[in-house]
Amino acid sequence: GGYSINESNEQVLVEDDTWLFYKQQHSLRNFANKDVLNEQELILLKTYLSDINNWCKKHNKKFLFVIAPDKNKIYGEHISKVKKEKPDSESRAMQVVNYLRQNSDVPTVYPYDALIKNKDMGLLYFKNDTHWNTLGGYIAYNEIMRALKLKPIKYNKFKETTYPRGDLTAMAPSISSDNKTTYTVPDIESVYDGDCDYDNPDDTHCTNAHYAMNKSLFTLRDSFSIALGPHYASTFKSVDFRWRNNITNQDLEYIKNNADIVILEVVERNVPALASRKFTED
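Residues numbered from 1 in each chain as written. Predicted model: local features only at pLDDT ≥ 70, side-chain atom pairs only at ≥ 80, totals over all residues. Heavy atoms only, no water.

**Student:** Which parts of the structure should I look at to understand the overall build of the protein?
**Tutor:** Each helix and strand counted, the protein has 9 helices and 11 strands in total. Taken against the 2.2 N^0.38 rule, which gives 19 Å for 282 residues, the C-alpha radius of gyration of the protein at 19 Å falls within 12% of a compact globule. Along the three orthogonal principal directions, the C-alpha set of the protein runs to about 55 × 45 × 30 Å. Going through the 282 residues of the protein one by one, you find that 52% of them count as buried. Contacts in the protein between residues at least 24 apart in sequence constitute 72% of all its contacts with a sequence separation of at least 6. For the protein, the accessible area works out to roughly 12,800 Å², and carbon and sulfur atoms hold 47% of it. Charged side chains of the protein number 36 positive and 39 negative; the gap between the two group centres comes to 4 Å. (Helix = DSSP H or I, 4+ residues; strand = E, 2+ residues; numbered from the N terminus. Rg over C-alpha atoms; globule rule 2.2 N^0.38 Å. Buried < 20%, exposed > 50% of the residue type's maximum accessible area, 1.4 Å probe, protein only. Contact = heavy atoms within 4.5 Å. Areas by Shrake-Rupley, 256 points an atom, 1.4 Å probe, with all protein chains shown as cover. Lys, Arg positive; Asp, Glu negative; His and termini not counted. Charge placed at Lys NZ, Arg CZ, Asp CG, Glu CD.)

Right under this line is the structure:
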């Protein structure tokens, strides 16, 4: 990198080839696989997800739990300043995936392998941002559709874009914009003709004139679903986004008449938060 940088930035780990990584929310502990969940946390997490899954089955809906991998898990080779304590096969996300597989029937997608395997398609996460781009999101979306046993949409057109300033650039003001790195991403406009605001932290309802299947999706999510949004919206008749991971009675009432599929997506580093959630149905 051609800039000097204050190494003590609280929020951003700067590696020397313009790769930036998030430091908050124990992200680097998560990268190093330092922490595991205890039995009690696993039970609480499983209970919450199982309760949602059982409610969905009772009401003839499909449920899916999606863990979005942190960027540092997919591009950890660019991190030199932190060493892993355990391999990713022993990560907290894998602990949760394995626990749910062995102790519940909650369908779960953690697209770690698919992302690692498809890195030769192009950059899947932004170098200067915490998030995957729409190509990384598309690879995750394919895994989600496979888990739902549904046919994913295909893009025959891709385009090159740059992404000069990401959320990590904003957190580290001394870093200059990256105008050089190019990203090859699906040309979403080629299949999408609709109305959506995926960046809206509040409720968002999406429609698309050329949807691929007559099903509706309701998703509890965080910012990682912004890059999933266009793929969902091109697939389903309607999509509802709620930027949170707690499901409310109001949600349940809404889902009864307005959704066929329910997805709960959470970024890997925030998975432990689900242990403090409770499912309540009045």
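Having put the structure on the table, let's press on.
**Student:** Hey, could you run me through the sheet that holds strand S11 (residues 261-267) in this one?
**Tutor:** In a beta sheet, neighbouring strands pair by backbone hydrogen bonds and run either parallel or antiparallel. Strand order in the open sheet made by the 7 strands is S4-S3-S11-S9-S10-S8-S7, with mixed pairing throughout. Two strands close off the open sheet at either side, each with one partner strand: strand S4 (108-109) and strand S7 (194-195). Pairing geometry for strand S3 (residues 62-68) and S4, over 2 bridges, is parallel. Within S4, the position partnered with Val66 by the bridge is Val109. Its contacts with the sheet place helix H4 (residues 92-103) against S3 and S4, and it is angled at close to 160 degrees to S3. (Pairing = 2+ DSSP bridges. Axes fitted to C-alpha atoms, helices over the stretch in contact; angles between N-to-C directions.)

**Student:** Please clarify how the state of the cysteines should be interpreted in this entry.
**Tutor:** Any covalent bond linking the sulfur atoms of two cysteines counts as a disulfide. With the rule as written, the count across this model stands at 1 disulfide. In this model, Cys196 is linked to Cys206 through a disulfide, with the two sulfur atoms separated by 1.6 Å. Judged by the torsion about the S-S bond (45 degrees), the Cys196/Cys206 disulfide is right-handed. Taken together, the residues span a long stretch of sequence, with Cys196 in the loop between S7 and strand S8 (204-208) and Cys206 in strand S8 at a distance of 10 residues. (Disulfide = S-S within 2.5 Å.)

**Student:** What is the right way to read the packing of aromatic side chains from this model?
**Tutor:** Inspection of every chain in the model, using the stated rule, returns 13 aromatic pairs. Taken together through their ring pairs, the aromatic side chains of Trp19, Phe21, Tyr75, Tyr125, Trp132 and Phe224 make up a single cluster. A cation sits over an aromatic face here: Lys119 above Tyr75, 4.7 Å from the ring centre. (Phe/Tyr/Trp six-rings, centres within 6.5 Å; stacked < 30°, edge-to-face > 60°. Lys NZ or Arg CZ within 6 Å of the ring centre and 35° of its normal.)

**Student:** Honestly, the nonpolar core in this entry has me stumped. Any pointers?
**Tutor:** The tendency in soluble globular proteins is for nonpolar side chains to be buried side by side. Ranked by internal contacts, the top residues of the largest apolar core, which has 78 residues, are Leu49, Phe65 and Tyr232. Filtering out sequence-adjacent residues up to four positions away, Leu49 remains in contact with Phe63, Phe65, Leu100, Val106, Leu264 and Leu274. (Core = buried A, V, L, I, M, F, W, Y, C linked by side-chain atoms within 4.5 Å.)

**Student:** What is the right way to look at helix H2 (residues 39-58) in this model?
**Tutor:** For H2, which comprises 20 residues, the first-to-last C-alpha distance of 28 Å matches the rise-based estimate of 28 Å (1.5 Å per residue) to within 8%. Regarding H2, the residues found buried are Leu42, Leu45, Tyr48, Leu49, Ser50, Ile52, Asn53, Trp55 and Cys56. Tucked into the core, H2 has its buried residues touching S3, H4, helix H9 (249-258) and S11. Two residues or fewer after H2 comes Asn60, characterised by a positive phi angle close to 65 degrees. (Expected span 1.5 Å × (residues − 1).)

**Student:** What is the right way to look at the pattern of salt bridges in this model?
**Tutor:** Side chains carrying opposite charge are able to pair once their charged atoms draw close together. On inspection of all chains with the given rule, the structure shows 14 salt bridges. Of the charged contacts, one joins Asp70 and Arg269 as a salt bridge, the two residues approaching to 2.4 Å between their closest N and O atoms. With Asp70 in the loop between S3 and helix H3 (71-74) and Arg269 in the segment after S11, this residue pair connects regions lying 199 residues apart in the sequence. Here the two residues Asp70 and Arg269 agree in accessibility, since each one is buried. Between Arg244 and Asp251 there is a salt bridge; the shortest N-O distance is 2.7 Å. The class of Arg244 is partly exposed, set by a relative accessible area of 25%. (Salt bridge = Lys/Arg side-chain N within 4 Å of Asp/Glu carboxyl O.)

Keep in mind that these numbers describe shape and distance, not what the molecule does.
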